[in-house]
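Here is how the chains run, residue by residue.
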Amino acid sequence: MQLSNIPSNPLSNDSNLPLSSLPLPFSVQKRQTKRIRQNLRKNNNFHNKENIQTSSSISNNTQFILPSPKKSKLTEFTKYDFDEFDGLEPLEDELNIDQMKETCPFCDEILPDLMSDKMKLALDRINNKQGKIEESDRIDFCHTHFAELSIVPSGIANKYPLNINFDELPHRIYRFKDDLTEIINGNAYSYYLNLAKQVYQEVGHRKAATPMMLMSRFESLRPGYYGSKGAVLIANTLIGLFINTRILTVVKSYPLQSINYIQEVLVPETAMRLIFEDIGGNSSLETARNIMIASSDFGDYVHNCDNE
Ligand SMILES: [Zn+2]
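Starting afresh in each chain, residues are numbered from 1 along the sequence in its written order. Totals for whole chains, interfaces and linings use every residue, but because this is a predicted model, local features are given only for residues with pLDDT of at least 70 and side-chain atom pairs only at 80 or more, for both listing and counting.

Draft legend 1. Structural detail: the overall build of the chain. Numbering goes from the N terminus for both helices and strands, where a helix is a DSSP run of H or I of at least four residues and a strand is a run of E of at least two. Across its full length, the chain holds 13 helices and two strands. Any residue with 12 or fewer other C-beta atoms within 10 Å of its own C-beta is exposed, any with 20 or more is buried, and the rest are partly exposed; the C-beta atoms used are placed from the backbone. By residue count, 32% of the 308 residues in the chain fall in the buried class. C-beta atoms are first placed from the backbone for all residues, and any pair lying within 7 Å is then listed as a contact. If you take every contact in the chain between residues at least 6 apart in sequence, the share linking residues at least 24 apart comes to 73%.

Structure, rendered in structure tokens:
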């Protein structure tokens, strides 16, 4: 079997390793074998990860529960038959190309030649850590290099912004006030209000509002490439606009609690409108929503409130 016939790992984004071209120099094949194994191990490493909520206090004694940074989701993976590769094994050590590169101490993934400050810091932390290295250290570090080798490059290819002017966000959000007030007053359609109502109907109001249930819905409510930094800023701006001014009352937010209405309805509705503007304002909110969903991992890594 030709190595070149093996399907490339759809999750790896290793554009520098074209598996489709034929025939490949043997050294390249060897690197691919190693990379596939690394990816498989990495995939195994990323399973079983649960997000844990953190909370941040905000003004007016209202609690906004922040989704924890989304970690990579590698739920699908092509199975490789490694028996096919065993013939290559004896030559493995003859190839020193990869050995010159710095690799992840946990999963052997080759780290980029030019590491970001964030990755250098993370590597320093691992190398200089006193005492036992915890599972969480490994998960965090492997997530960091996975993000930098995969999530960020593919996000850049999709033109998600590396730089966002967060200072101007409140003013941009003020312009949506009338639009969002129409949703609150029941005069305009809201995809996210409908979604929330469906969940509340299905599982019951009390259960739907529990922290665990909210956490399970957070993933789909993330504000795309605006990341958790954007989520906090948007939520705080909306609280000032609608809760502090009593536009969003207990009655109007029913069956959701007002703060949950902000999180589950108005934050994603706002993020969708910001993205709609970003892409020129000529498409549809649905297009913006799709970008929002697709760019959330990128946002959580690049524009994470823990970054600063
Ligand atoms: Zn790793």
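That covers the picture; the talk isn't over yet.
Draft legend 2. The arrangement of the environment of F106 in detail. Mapped onto the secondary structure, F106 falls in the loop between β2 (63-66) and α2 (117-128). Sequence separation between F106 and C142 is 36 residues, and the spatial gap between their C-alpha atoms is 7.5 Å. Discounting chain neighbours no more than four positions away, the residues touching F106 are R138, F141 and C142.

Draft legend 3. Structural view of the packing of helix α11 (residues 258-278) against helix α12 (residues 285-294). Lines fitted to the C-alpha atoms define the axes, with helices restricted to the stretch that makes contact. Angles between their N-to-C directions range from 0 to 180 degrees. Contact pair α11 / α12: the axes reach a minimum separation of 8 Å and the direction vectors enclose 105°. Considered as vectors, α11 and α12 are oriented roughly perpendicular to each other. Judged by residue contacts, A271, M272, I275 and F276 of α11 engage L285, A288, R289, I291 and M292 from α12. Roughly parallel refers to an angle under 35 degrees, roughly antiparallel to one over 145, roughly perpendicular to one between 65 and 115, and oblique to any angle outside these ranges.

Draft legend 4. Examining the packing of helix α6 (residues 191-203) against α11 more closely. At their nearest, the axes of α6 and α11 sit 8 Å apart, and the two run at 155° to each other. As far as their axial angle goes, α11 and α6 are roughly antiparallel. The crossing of α6 and α11 is right-handed. Mapping the contact onto sequence places Y192, L193 and A196 in α6 and E264, V265, P268 and E269 in α11. We call a crossing left-handed when the near helix sits turned anticlockwise from the far one by less than a right angle, and right-handed when that turn is clockwise.

Draft legend 5. Expanded view of the confidence of the model for the chain. A residue's pLDDT is simply how confident the predictor is in it, with values from 0 to 100. Per-residue confidence for the chain gives a mean pLDDT of 77, with 68% of residues at or over 70. A low-confidence stretch, residues 70-92 stays under pLDDT 50, and its non-local contacts, those more than four residues away or across chains, total 29 contacts.

Draft legend 6. Expanded view of helix α9 (residues 227-243). Multiplying one less than the number of residues by 1.5 Å gives the expected span of a helix. Between its terminal C-alpha atoms α9 stretches 23 Å, which fits the 24 Å expected from 17 residues at 1.5 Å a residue. For α9, the buried fraction is high: 14 of the 17 residues fall into the buried class.

Draft legend 7. Broad picture of unusual backbone geometry. Cis geometry is found at the peptide bond from Y254 to P255, where omega equals 10°. Along the polypeptide, P255 turns up in the loop between α10 (250-253) and α11. Despite not being glycine, K159 shows a phi value in the positive range, around 65°. Tracing the sequence through the fold places K159 in the loop between α3 (135-157) and α4 (169-174).

Draft legend 8. Representation of the nonpolar core in the model. I234, L238, I262, L266, V267, A271 and I275 are the most contacted members of the largest nonpolar core, which totals 51 residues. Secondary-structure elements contributing two or more residues to this core are α3, α5 (177-184), α6, α9, α11, α12 and α13 (296-302). Top contributing element to this core by residue count: α11, with 11 residues. Each of domain 1 (3-157) and domain 2 (166-307) contributes no fewer than three residues to this core. If we ignore the near neighbours within four places in the chain, the residues touching A271 are P223, G224, Y226, G230, I234 and M292. By definition, a nonpolar core groups buried Ala, Val, Leu, Ile, Met, Phe, Trp, Tyr and Cys residues that are joined through C-beta atoms within 7 Å. Where each domain starts and ends follows an automatic or database-derived domain assignment.

Draft legend 9. Region of the structure containing α6. Taking 1.5 Å per residue as the helical rise, α6 with its 13 residues ought to reach 18 Å, and the 19 Å between its terminal C-alpha atoms agrees with that figure. If you follow the buried residues of α6, they end up packed against α5, α7 (205-208), α8 (211-221) and α11.

Draft legend 10. A look at the environment of S284. Within the secondary structure, S284 sits in the loop between α11 and α12. As a C-alpha pair, S284 and R273 span 11 residues in sequence and 9.6 Å in three-dimensional space.

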